[in-house]
Amino acid sequence: AFRNYTSNGVMINGGRNVTFRDLYLYDTGLYGVYPVECVGVLIERCEVTKVRDAGLYVGQSKDIVVRGSIAHGNVTGIEIENCVNAVVENNEIYNNSGGILVFLLPNNPSKVSRNCLVRGNRVHDNNHVNFADPTAIVSSVPSGTGILIMAADEVEVTDNEITGNNSYGIGVVSLEMVLEAEDGFDVDPVPERCWIHDNIYDANGTNPHLSLVELGFPGADLLWDLSGHGNSWDEPDAVAMPPILPGKAWSPIARRANWRLWKILEAMTG
């Protein structure tokens, strides 16, 4: 057990074949479990609460498994950032500001975020007030976020139970929705080839955060900012914004036509 630290709980940099198992982390500053630039990471049966960034964080690493863990009462529960080959499965993530984040962020040693499977998790009631440091990226995550994919490629989200998140269940957005870069980004800001399918949704988007309302986004199970032609959704019963999202079987022509339609409507409505 790790309690009451001001920086991090357990940090490992540059490790290989690292296992974090059966850890309890309480009020450990920015991060709870914090491996960076590692190859071969297993986070299993850990519980983390009251951290002001990400409870279970893996950054700039490859070959990762995060499973059977619990994250609650944090700014964000699990964050996979600028990583390759990650599996996030069978975790319970609740009462955070944001549940599970899969990000590609600029100005890091790794310039890619690719091939992440988010499967079999319970992501519910992530409506905690966001208490991140104002300068942190996660301070921009709206309270009420279930799962957020930002700029990452080839993320598959399936067989999850996503309920009671006040802003949205799953968001797929570009870096440009959150960050500004006068000279552009040093990474590709657009998420591509992500696939959202066969999840269970209930009571998401019932009270969206003011930051989303000001951008013109109503609450929903599924939220897309129209970035990335190659993303797919196969969730016929989910409430989506925009209302029609391209499925896996759609042709490239149909995808682009759908994208152009929503872009035109977006311009017309201001």
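Scope of this entry: the structure provided in the associated data block. The model shown is predicted, which means the values in this text are computed figures rather than measured ones. (Residues numbered from 1 in each chain as written. Predicted model: local features only at pLDDT ≥ 70, side-chain atom pairs only at ≥ 80, totals over all residues. Heavy atoms only, no water.)

**Considering the overall build of the protein chain**
Check the secondary structure of the protein chain and you find 2 helices and 25 strands. Over its C-alpha atoms the protein chain spans a radius of gyration of 17 Å, differing by no more than 12% from the 18 Å that the globule rule assigns to 270 residues. Its C-alpha atoms put the protein chain at 55 × 35 × 35 Å along the principal axes. Across the 270 residues that make up the protein chain, the buried fraction comes to 55%. In the protein chain, the proportion of contacts linking residues at least 24 apart, taken out of those at least 6 apart, comes to 54%. Summed over its atoms, the accessible surface of the protein chain is roughly 11600 Å², and 51% of this surface lies on carbon and sulfur atoms. Across the protein chain, the centroid of the 18 positively charged side chains sits 7 Å from that of the 34 negatively charged ones. (Helix = DSSP H or I, 4+ residues; strand = E, 2+ residues; numbered from the N terminus. Rg over C-alpha atoms; globule rule 2.2 N^0.38 Å. Buried < 20%, exposed > 50% of the residue type's maximum accessible area, 1.4 Å probe, protein only. Contact = heavy atoms within 4.5 Å. Areas by Shrake-Rupley, 256 points an atom, 1.4 Å probe, with all protein chains shown as cover. Lys, Arg positive; Asp, Glu negative; His and termini not counted. Charge placed at Lys NZ, Arg CZ, Asp CG, Glu CD.)

**Some words on the side chain of Glu79**
Summarising the element assignment, Glu79 is placed in strand β11 (residues 76-81). For the buried Glu79, which has no salt bridge, the nearest side chain bearing the opposite charge is Arg52, at an N-O separation of 13 Å. (Salt bridge = Lys/Arg side-chain N within 4 Å of Asp/Glu carboxyl O.)

**Focus: the sheet that holds strand β15 (residues 114-119)**
Here 8 strands make up an open sheet; going across it, the order is β3-β6-β9-β12-β15-β18-β21-β24 and the pairing parallel. Because the sheet does not close on itself, it has two edges, and the strands there are β3 (16-21) and β24 (232-234). Direction aside, the axes of adjacent strands within the sheet are offset by 5° on average. Judged from the 3 bridges that link them, strand β18 (residues 153-158) and strand β21 (residues 195-197) form a sheet pairing that is parallel. Note that in β21 the partner of Glu156 across the bridge is Trp195. (Pairing = 2+ DSSP bridges. Axes fitted to C-alpha atoms, helices over the stretch in contact; angles between N-to-C directions.)

**A word on the environment of Pro252**
For Pro252, the location among the structural elements is in helix α2 (residues 252-269). Accessibility expressed as a relative area gives 61% for Pro252, which makes it exposed. C-alpha of Pro252 to C-alpha of Lys50: the two residues are 202 residues apart in sequence and 44 Å apart in space.

**With respect to the packing of aromatic side chains**
Applying the stated criterion across every chain yields a total of 4 aromatic pairs. Aromatic pair Tyr31 and Tyr34: ring centres 4.1 Å apart, planes at 15°, arrangement stacked. Tyr34 matches Tyr31 in its accessibility class, with the two residues each being buried. Pairing Tyr34 with Tyr57 gives two aromatic rings, centres 5.1 Å apart and planes at 70°, and the pair type is edge-to-face. (Phe/Tyr/Trp six-rings, centres within 6.5 Å; stacked < 30°, edge-to-face > 60°.)

**So, the pattern of salt bridges**
Tallied over the full model, the rule gives 9 salt bridges. The shortest N-O distance in the salt bridge between Asp22 and Arg45 comes to 2.8 Å. Separated by 23 residues along the polypeptide, Asp22 in the loop between β3 and β4 (24-26) and Arg45 in the loop between β6 (39-44) and β7 (47-49) bring together distant segments of the chain. In this structure Asp22 comes out as partly exposed when scored by relative accessible area, which is 49%. The partner of Arg119 in a salt bridge is Glu89, with the nearest N and O atoms 2.6 Å apart. Within this pair, whereas Arg119 is found in strand β15, its partner Glu89 is found in strand β12 (residues 84-89), the two being separated by 30 residues in sequence. Looking at Arg119, the relative accessible area reads 34%, which means it is partly exposed. The class of Glu89 is buried, set by a relative accessible area of 15%.

**Let's talk about the environment of Ile93**
Along the chain, Ile93 falls in strand β13 (residues 92-94). A relative accessible area of 0% places Ile93 in the buried class. In this structure the C-alpha to C-alpha distance between Ile93 and Ser69, which are 24 residues apart in sequence, comes to 8.3 Å. Other than its neighbours up to four places away in sequence, Ile93 contacts Ala71, Gly77, Ile78, Gly99, Ile100, Arg122, Val123, His124 and Asn126.

**Some points on the layout of surface pockets**
In this structure, the largest pocket spans a volume of roughly 510 Å³. In terms of residues, the lining of the largest pocket owes the most to one element, α2, which gives 5 residues. Class assignment for the residues of the lining of the largest pocket results in 11 nonpolar, 5 polar and 4 charged. When contributions to the lining of the second largest pocket are tallied by element, the ones reaching two or more residues are β17 (145-150), β20 (168-173) and α1 (210-214). (1 Å grid on protein atoms, 1.4 Å probe; cavity = no way out; pocket = protein on both sides within 12 Å on 5 of 7 lines; lining within 4 Å. Points joined across faces, edges and corners; volume = space filled by probe spheres on them. Nonpolar A, V, L, I, M, F, W, Y, C, P; charged D, E, K, R; others polar.)

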